[in-house]
Structure formats: structure tokens, C-alpha cells
Amino acid sequence: MSPAAPQRRPVAVLIGFMGAGKSTVGRILADRLGVDFVDTDAEIVRISGREIPEIFTAEGPARFREIERDVVLDVLRSHGGVVALGGGAVMTPAVADGLQGHRVVYLRVTADDGFARVRDSDRPLIAGDDPQRRYRELLDGRHETYTRTGTFAVDAAAGAPGDVADAILAELARTLVPERASTT
Ligand code: S3P
């Protein structure tokens, strides 16, 4: 990003594990707020011209995390709407640091619900012999970081995606009101 690029800040950043519904809920939330939506995984695909599993295979997980870190930090500095991060992004310390001071929504999902949503996908981190066990172990290992990084948490099972977006809106309203009041 050039130094002259406008500095903006997301209205909200959605974090949480694979299958929590970050992209679906984030898109609805952005729509209701009348702002743009960015999914950092989609940004990575757009910028690199390659799908996520392809990057994992060709470059390895460590390189994927570097690419992800750079894309996420850039989006956090330049995007004024709703942002959804890939499930592992907050495990990179520079990303967790970059999220400080942002409104971070932890979209919480149970291992059973989340796995049911991603079991037929091509997520590289749960490829292999026992994807359900892998999913559960990864979620267990990340839950504390998600909780610590989130400004607040909302359950993905709070209803249909629109209901979950409404639950987030209700929480956001408390912090959004003073900021909006000063610009209108
Ligand atoms: C990952 C989650 C994925 C994607 C990549 C790694 C993870 O994003 O970034 O496959 O480490 O949890 P979603 O959370 O959108 O599935």
C-alpha cells in the first residue's frame, strides 16, 4: 500500500474457526450496515491468482501464513467495512497484534456443527485420515486465542445467518453509536 493511500478502519472484524460462517454472516452484516465486505481468504486468492489449497501444497503452510499476514494487515489498514479473516489468521502473532483496538467478533461454533459444515470442503488443514478428529483438535487448540482476541463472542448457532448478523449488530450498536454520532 502506498503511503498516500487512505487509512480506514473496519467497522468489524470476524474471527473464528472454519465452518463458523464468517463469510456468510459477514456479508449479511455488511449489507445491513451499508458497508463493503472483504473476506481475506478471497483477497489472498485474488492477489495470488491461486486457490488456498494450491498455495498450501506449492508453498507450504508457513509461507501461506506469511502471505495471509501481509494481506490481513493491509486490509485492516485500508478497509472501512466488515472483514472476515481465515480461521487460522489470528494464530499469527503479528495478526493478533494488528487486531488490537479493532472491534473483533468471535463467531463461536461447536466442533460438531462446524465440522458438519466443512466436511465436504477442500480445507487443507483437515485433509487426511481423520478430518473430524483433526478439526476438533485444532478448534480446541485455538479456542482460547479466539476468546482472548475477540472483543465479544457470538454463537454461530444463534439462528439462521441473518439472526447471527442481528446478534452481532446488537452488540456493535453500543460501540458504534458514539462514532456515528460524531460523523453525522
Ligand atoms: C484455515 C482456515 C481457512 C483458510 C485456510 C486455513 C485455518 O479459512 O484460511 O484453509 O487455519 O483455520 P476459513 O476459516 O474461512 O475456512
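Anything mentioned here points back to the structure above.
The text that follows walks through the structure, step by step, so that each part is easy to find. (Residues numbered from 1 in each chain as written. Predicted model: local features only at pLDDT ≥ 70, side-chain atom pairs only at ≥ 80, totals over all residues. Heavy atoms only, no water.)

With respect to the nonpolar core
Judged by nonpolar contacts, the single largest core of 54 residues is most densely connected at Ile15, Phe17, Leu29, Leu85, Leu99, Tyr135 and Ile168. Ranked by residues supplied to this core, first place goes to helix 4 (residues 61-78) with seven residues. With near-sequence residues (within four places) excluded, Leu29 lies in contact with Ala12, Leu14, Val82, Ala165, Ile168, Leu169 and Leu172. (Core = buried A, V, L, I, M, F, W, Y, C linked by side-chain atoms within 4.5 Å. Buried < 20%, exposed > 50% of the residue type's maximum accessible area, 1.4 Å probe, protein only. Helix = DSSP H or I, 4+ residues; strand = E, 2+ residues; numbered from the N terminus. Contact = heavy atoms within 4.5 Å.)

A short note on the site of the ligand
Neighbouring residues of the ligand: 15 residues in total, closest Lys22, Asp41, Arg65, Arg123 and Arg142. Bound to the protein, the ligand loses 94% of the 380 Å² it would expose on its own. Classifying every residue of the shell around the ligand by side-chain character gives six nonpolar, three polar and six charged. (Near = heavy atom within 4 Å. Areas by Shrake-Rupley, 256 points an atom, 1.4 Å probe, with all protein chains shown as cover. Nonpolar A, V, L, I, M, F, W, Y, C, P; charged D, E, K, R; others polar.)

Let's talk about the environment of Asp31
Topologically, Asp31 is positioned in helix 1 (residues 22-33). For Asp31, a relative accessible area of 63% translates into the label exposed. As a C-alpha pair, Asp31 and Ala165 span 134 residues in sequence and 9.9 Å in three-dimensional space.

Some points on the sheet that holds strand 4 (residues 104-108)
If you trace the five strands from one edge of the open sheet to the other, you get 2-3-1-4-5, paired in parallel fashion. Because the sheet does not close on itself, it has two edges, and the strands there are strand 2 (37-39) and strand 5 (152-155). Averaged over all pairs of adjacent strands, the angle between their axes in this sheet comes to 25°, without regard to strand direction. Both strand 1 (residues 12-15) and strand 4 contribute to a ladder of three bridges, which runs parallel. The residue bridging Leu14 from the neighbouring strand is Val105, located in strand 4. (Pairing = 2+ DSSP bridges. Axes fitted to C-alpha atoms, helices over the stretch in contact; angles between N-to-C directions.)

Some details on the layout of surface pockets
Taken as a whole, the largest pocket holds about 570 Å³ of empty space. Among the elements that line the lining of the largest pocket, the one with the most residues is helix 1, at four residues. Looking at the lining of the largest pocket residue by residue, the class counts come to twelve nonpolar, seven polar and ten charged. (1 Å grid on protein atoms, 1.4 Å probe; cavity = no way out; pocket = protein on both sides within 12 Å on 5 of 7 lines; lining within 4 Å. Points joined across faces, edges and corners; volume = space filled by probe spheres on them.)

Here we look at the packing of aromatic side chains
Taken as a whole, this structure holds four aromatic pairs when the rule is applied. Aromatic pair Phe17 and Tyr135: ring centres 4.5 Å apart, planes at 55°, arrangement tilted. One end of the pair, Phe17, is in the loop between strand 1 and helix 1; the other, Tyr135, is in helix 7 (residues 131-149), and 118 residues separate them in sequence. You can call Phe17 buried: its relative accessible area is 1%. (Phe/Tyr/Trp six-rings, centres within 6.5 Å; stacked < 30°, edge-to-face > 60°.)

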